[in-house]
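# Per-entry structural report
Residues per chain, in single letters:
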Amino acid sequence: MSEAIAKLLSPRSVAVIGASADLKKTTGRPVAYLQKHGFAGRILPVNPRVERIGDLACYPDVASLPEVPDVAVVLLGAERAHQAVRELAALGCAAAIVLASGYTETGEDGAHRQRQLIEAAGSMRLLGPNTIGLVNLTDRIVLSPSGALEMDEFPVGGIGVVSQSGGILGSLLSRAAARGIGLSKLISTSNEVDLELADFIDHLADDPATKVIALYVETVRHPARFRAACLKAARAGKPVVAFKIGRSEAGAKAAVSHTGAMAGADRMYDALFRQVGVIRAQSFADLLDVPAALATGRRLRGRRIAILTSTGGAGTLVSDDLGVAGFDTPAPDQATADALRALQTGSEAVLDRNPIDVTLAGLRPDLLRGAIHALLASPSYDALVIIVGSSSLAMPELLAGAIQDCLPHSDKPVLAYVSPHAPEIGALLTQRGVPAFAAAESCTAALAGMLHVNGFQGAPSEPVVGKDTLQELDLPVGCLDEAQAKAVFRRFGVPCAAERVVRTAEEAEAAARELGGRVVLKILSSRITHKSDVGGVAVGLTAQTIGARLGAMVADVQARAGVRPDRFLVQQMVAGGTELILGLHKDALGTAVMLGMGGVAAELFQDTTLRLLPDDGTQLGVLSRSEALDMARELKTWPLLDGFRGRPKADVDALADAIVAFSAMAAELGDRVIEAEINPVFVLPQGQGVCAADGVLVLA
């Protein structure tokens, strides 16, 4: 755990540079909020124009401070903030929080100011600039002017929040308080000139008060550090939930203009999050809903959910949404049904189906208690959702108490859906250990997050490749022709179709006879990668027909592309397999291998999956075989490989070997490879292997 970050989050003394005695001003709030929320350490305001702020002595400058503060909150504008930062660093302050805006988010002048700030800080750690600061609810330390801190009390709990947006910190703080959701630490990193997402994920992974980490992400600037921090959190048993903005083009533009950093493609974030166990929040509401459920520490071990309701319509809402997400809501088993019927004293309850309708449960705590006990004890269910209906409005404490009484008897998740608009009941239940939601979809999202945590097995082994092979390869530069590309693929262990390079019709006929059977004829050009678009591909040829077809192909390509081809590829024709595409995608997040349905269908159905290569910041690693197999199983078209409707099963083992080999090539070539793609790669029936039938490779 970094000592500087520990001091930043839990300082014993805080200097407030530019503090104002006017509480109506933003610069007057940090001192007032520190006092209001019970900071037990020393507060050292700095302002040359006033001698006291309330009962605190005020110092004219940093040099006049009576001691070295652990942390300083710098409230000066961007033109002067670096001067205070330099003085604080010289004094030996551990960390400074710079609130001013006007840095890289504003253009080149701002970028110059940001460089000044970094230089001034030296070895002192910086949070910000353009940040709203941080709030440590665990220890009652607020280092922020956020208006959300006007509230008197906040529920303290196990959810740590790290946000790259300052305004979102206040939004989450106030929303969580209104819903009874307890938070531990909230940090706004914003421009991240120094301390960034990964630093605080790493720190919160060691924080005993934090059980779940929630992230509001605009961009991941240091993927290798982010990956390592998230895996550390996973090993510590602390789930990470991230809401990533910039999914749409408009959102991406907004994210870039706000942070001044380029964001990676959204699907690359999906891949990164999946590989390090991060749960991706699909909506902003999920960023609180999912952590609220995870913070209970209860584990969801399966998809079978019991729904206990006193209002039929609301129960159906929850059941329907769970079903869409792949959860099951089975009827009670015989023993559970008998136990439920034994609770029945009249004809009003329907206790042998799911949702289980106990119409008067809101007014009958004994009936509610008995039903909850029976359902949590049932081997047929992995979790329980309790529908809180309008009948509970009259006696919310009685209802909450009845539910809370049952929690110690089981470790299964228990959630509540509050059907009427009754936020006070939701907050009451959440504070009693039962996460309560105002939307059926939120129940589903929370359970899906819990299931994700239980299913994450941690990162696979990440072997790192040596550099021997690369030194042996005499590689050209630029766009390789197909034969050159496949020679490289073969060198790394990707099987390719047998082929011959020819120049004349006579050579083509001889090659066709040598290869036997039907063959494919293609132009061989590094300038034309989409050969079929210009008439440069012909299939199903024989030694008798290939010569004439070569002559016609020359004329066709010259007419369409303005280029007269003089080299050709005669290739063994592959048939009887499933066509896939295996490619490489690179962006700011790293290097990923892509697998998908081959040919035009890949673009039409978007049936692809990505895996980022392991990256320790200095060298790329290789995908494991288990990851390669998982990639194949994630495709919508996986059934075509797995014997769909009587088809022979495909050689998935050979496909996995090819994916691993392709990833080894990408890792070995590193920055030298710009593009790489095999389309199609034929996956043949079991035992017959795979075969790359075309290839593109562009090298720097």
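Going by the annotation in an unreviewed UniProt entry, the name recorded for the protein is CoA-binding domain protein, with Delftia acidovorans given as the source organism.

## Observations regarding the overall build of the protein
Tallying secondary structure elements over the protein gives 24 helices and 31 strands in all. Taking the principal axes of its C-alpha atoms as reference, the protein extends roughly 100 × 80 × 40 Å. Residues counted as buried form 56% of the 700 residues belonging to the protein. Within the protein, contacts between residues separated by at least 24 positions form 72% of all contacts whose residues are at least 6 apart in sequence. Roughly 28200 Å² of accessible area belongs to the protein as shown, and the carbon and sulfur atoms make up 51% of that amount. Counting 66 positive and 77 negative side-chain charges, the protein places the averaged centre of each group 1 Å from the other.

## Considerations on the environment of Tyr 216
Summarising the element assignment, Tyr 216 is placed in strand S12 (residues 212–217). Taking the C-alpha atoms as reference points, Tyr 216 and Ile 245, 29 residues apart in sequence, are found 7.8 Å from one another. Among all residues touching Tyr 216, those that are not within four sequence positions of it are Val 162, Ser 163, Gln 164, Ser 165, Ile 168, Phe 243, Ile 245, Phe 284 and Leu 287.

## Some points on the side chain of Thr 210
Inspection of the secondary structure assignment puts Thr 210 in the loop between helix H6 (197–206) and S12. Among the polar contacts listed, one links the side chain of Thr 210 to the side chain of Ser 184, at a separation of 2.8 Å. Contact partners of Thr 210, with chain neighbours within four places excluded, come to Gly 158, Gly 160, Ser 184, Lys 185, Leu 204 and Lys 238.

## Quick look at the pattern of salt bridges
Following the criterion strictly, the structure yields 35 salt bridges and no others. With a closest N to O distance of 3.0 Å, Asp 338 and Arg 341 form a salt bridge. Here Asp 338 and its partner Arg 341 are both found in helix H12 (residues 334–341), three residues apart, which amounts to about one turn of the helix. Taking relative accessible area as the criterion, Asp 338 reaches 39% and is therefore assigned partly exposed. Relative accessible area serves as the criterion here: at 36%, Arg 341 is assigned to the partly exposed category. For Arg 490, the salt bridge goes to Glu 499, with nearest N and O atoms at 3.5 Å. Judged by its relative accessible area of 36%, Arg 490 is partly exposed. By sharing partners, the salt bridges in this structure join Glu 482, Lys 486, Arg 490, Glu 499, Lys 522, Lys 531 and Asp 694 into a single network.

## Side note on the packing of H12 against helix H13 (residues 365–377)
Two numbers describe how H12 lies on H13: the axes approach to 9 Å, and their chain directions differ by 170°. The angle between the axes of H12 and H13 places the two elements in the roughly antiparallel class. Taking contact as the criterion, the partners of Thr 336, Ala 339 and Leu 340 in H12 are, on H13, Ala 371, Ala 374 and Leu 375. Taken together, the residues of the contact of H12 with H13 sort by class into five nonpolar, one polar and no charged.

## What about the packing of aromatic side chains?
Scanning the entire structure with this criterion turns up six aromatic pairs. Each ring, one from Phe 226 and one from Phe 273, has its centre 6.1 Å from the other, and the planes form 45°; the classification is tilted. Taken as a pair, Phe 226 in helix H7 (residues 223–235) and Phe 273 in helix H9 (residues 266–276) lie far apart in primary sequence, 47 residues in all. Each member of the pair Phe 226 and Phe 273 is classed as buried. Taking the centre distance of 6.0 Å and the plane angle of 50° together, the rings of Phe 489 and Phe 662 count as tilted.

## Focus: a nonpolar patch on the surface
Among the surface-exposed residues, Val 537, Val 539 and Met 573 lie close enough to one another that they form a single nonpolar patch of about 230 Å² accessible area. Mapped onto the elements, Val 539 comes out in strand S24 (residues 537–541). We classify Val 539 as exposed; its relative accessible area is 56%.

Parameters and conventions
Residues numbered from 1 in each chain as written. Predicted model: local features only at pLDDT ≥ 70, side-chain atom pairs only at ≥ 80, totals over all residues. Heavy atoms only, no water. Helix = DSSP H or I, 4+ residues; strand = E, 2+ residues; numbered from the N terminus. Buried < 20%, exposed > 50% of the residue type's maximum accessible area, 1.4 Å probe, protein only. Contact = heavy atoms within 4.5 Å. Areas by Shrake-Rupley, 256 points an atom, 1.4 Å probe, with all protein chains shown as cover. Lys, Arg positive; Asp, Glu negative; His and termini not counted. Charge placed at Lys NZ, Arg CZ, Asp CG, Glu CD. Polar contact = N/O pair within 3.5 Å; in protein donor to acceptor, adjacent residues only side chain to side chain. Salt bridge = Lys/Arg side-chain N within 4 Å of Asp/Glu carboxyl O. Axes fitted to C-alpha atoms, helices over the stretch in contact; angles between N-to-C directions. Parallel < 35°, antiparallel > 145°, perpendicular 65-115°, else oblique. Nonpolar A, V, L, I, M, F, W, Y, C, P; charged D, E, K, R; others polar. Phe/Tyr/Trp six-rings, centres within 6.5 Å; stacked < 30°, edge-to-face > 60°. Patch = residues over 30% accessible without salt bridge, like charges linked within 9 Å, V, L, I, M, F, W, Y side chains within 5 Å.

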